[in-house]
Amino acid sequence: MRKNTLLSLSLALACAFGGAQAAVLSTVTVQAASKQQSAGFDAVVEAVRQTVIAAQVPGAVVQIDVKVGDQVKAGQLLMRLDARAAEQNAAASDAQVAAARAQLDAAGKEYERQKQLFSKQYISQAALERAESQFKATQAQVAAQLAQAGAARTQSGFHLVRAPYAGVVAEVPVSLGDMAMPGRPLLTIYDPSQLRVSAAVPQSVTSMLGDKPAVRIELPGLPEAQRWPQASRVQLLPTVDAATHTAQIRAELPAGFAGAAPGLFARLWLPAAAGRDGAAGQRLMVPAKAVLRRAELSAVYVIDAKGQPLLRQVRTGRAEGDSVEILSGLSAGEKIALDPQAAARQR
């Protein structure tokens, strides 16, 4: 008798608990919102600051200190060219400077002696002027030799290739032993902290954008959390390509945005005035937490007429903040569960 009583009590508590769960199950009614017309244009991620470092002097590549993907600091040594001939020229120039300074020292002493002799009227004015002229000419020779030595040292420094700013090495098209010639690319580096998305837009579209177009950036290759970054600055170039009749529009990514790199595929979505096809319609937005995701499956729990949650597959679209667009599988006016796990326990 006692066991039957306990069993009956347990069933009653279970039913009461289940009824409480059903009562507290949070739901939301799917409502249709106006869909703003927009058009997407294929774009590409670019570096705002990207540099192709080329050789300034001829010479064989004798040392490469970096590889593609390396982070470098401003002024860091990247590559070394054979500088033996340039170093010898610099040494010869330094020797010529030493010789010219010795001549200047001798000319200065001679000029001082001539001035003393002239003060005692042992020599003529012309002799003093000749000594002064010789001293000044020697001074000019020293200045010329110093300038030539500085040019030789500068020329020798061109054989050391250094990073102009902190960045990432994007390309190294040369190998050890290659002959570098003036103008030949040696490395390519870019600044990863300053990236932008650039797209070619028809001129018929640019005329309707206005001064501050509301451009949205999409990076399809990145995770959902990074797929829709906010543009920090939008720029429409004032020139139109004569061959394609398109203009460049650039949207800068937030400073330090991680995950993107030059060359990454992107899209720029322009506002309704720039739409190319389709009219404004309706779209369904639901809370993102109501969508159950399992591998490639996206579903929601729809509350039927009896108040029971039923799992239904849906196709999702773009995410906007805490909401996600439902492209198919739901209709306006239906109720869905906000907590898929709680709804699964009530089935």
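Our subject in this report is the structure included herewith. Only a predicted model underlies this, so the values are computations on that prediction, with no experimental measurement involved. (Residues numbered from 1 in each chain as written. Predicted model: local features only at pLDDT ≥ 70, side-chain atom pairs only at ≥ 80, totals over all residues. Heavy atoms only, no water.)

**Focus: the overall build of the protein chain**
Thought 1: When its secondary structure is counted, the protein chain shows five helices and 23 strands.
Thought 2: Taken over 347 residues, the protein chain has a buried fraction of 32%.
Thought 3: For the protein chain, the share of sequence-separated contacts (at least 6 apart) that also reach a separation of at least 24 residues comes to 74%.
Thought 4: With the model as given, the accessible surface of the protein chain reaches about 20,500 Å², and the carbon-plus-sulfur share is 53%. (Helix = DSSP H or I, 4+ residues; strand = E, 2+ residues; numbered from the N terminus. Buried < 20%, exposed > 50% of the residue type's maximum accessible area, 1.4 Å probe, protein only. Contact = heavy atoms within 4.5 Å. Areas by Shrake-Rupley, 256 points an atom, 1.4 Å probe, with all protein chains shown as cover.)

**Describing the packing of aromatic side chains**
Thought 1: If you walk through the whole model with that rule in mind, you get one aromatic pair.
Thought 2: Measuring from centroid to centroid gives 5.7 Å for Y111 and F135, while their planes differ by 15°, and the two rings are stacked. You can see Y111 sitting in helix 2 (residues 84-119) and its partner F135 sitting in helix 3 (residues 125-157), a full 24 residues away along the chain. Each member of the pair, Y111 as well as F135, carries the same accessibility label: buried.
Thought 3: A cation over a ring is seen here: R49 above Y165, with NZ or CZ 4.1 Å from the ring centre. (Phe/Tyr/Trp six-rings, centres within 6.5 Å; stacked < 30°, edge-to-face > 60°. Lys NZ or Arg CZ within 6 Å of the ring centre and 35° of its normal.)

**Some words on unusual backbone geometry**
Thought 1: Although it is not a glycine, Q121 sits at a positive phi angle of roughly 60°.
Thought 2: By the element assignment, Q121 lies in the loop between helix 2 and helix 3.
Thought 3: Positive phi values are uncommon outside glycine, yet H245 reaches one of about 55°.
Thought 4: Within the secondary structure layout, H245 lies in the loop between strand 14 (233-240) and strand 15 (246-252).
Thought 5: With relative accessibility at 43%, the residue H245 sits in the partly exposed group.

**Looking at helix 2**
Every α-helix carries 3.6 residues per turn, so stepping three or four residues along brings you back to the same face.
Thought 1: Look at helix 2: 53 Å from first C-alpha to last across 36 residues, which is about the 52 Å you get at 1.5 Å a residue.
Thought 2: Among the residues of helix 2, A86, A90, S93, V97, A100, L104, A107, G108, Y111 and Q114 are the ones counted as buried.
Thought 3: Buried positions along helix 2 lie against helix 3.
Thought 4: Of the residues flanking the end of helix 2, it is Q121, one or two places downstream, whose phi is positive at about 60°. (Expected span 1.5 Å × (residues − 1).)

**A look at the sheet that holds strand 8 (residues 160-162)**
Thought 1: Within the open sheet, the four strands sit side by side as 8-7-5-10. Their pairing is antiparallel. Edge positions in the sheet fall to strand 8 and strand 10 (179-180), since each of these pairs with one other strand and no more. (Pairing = 2+ DSSP bridges.)

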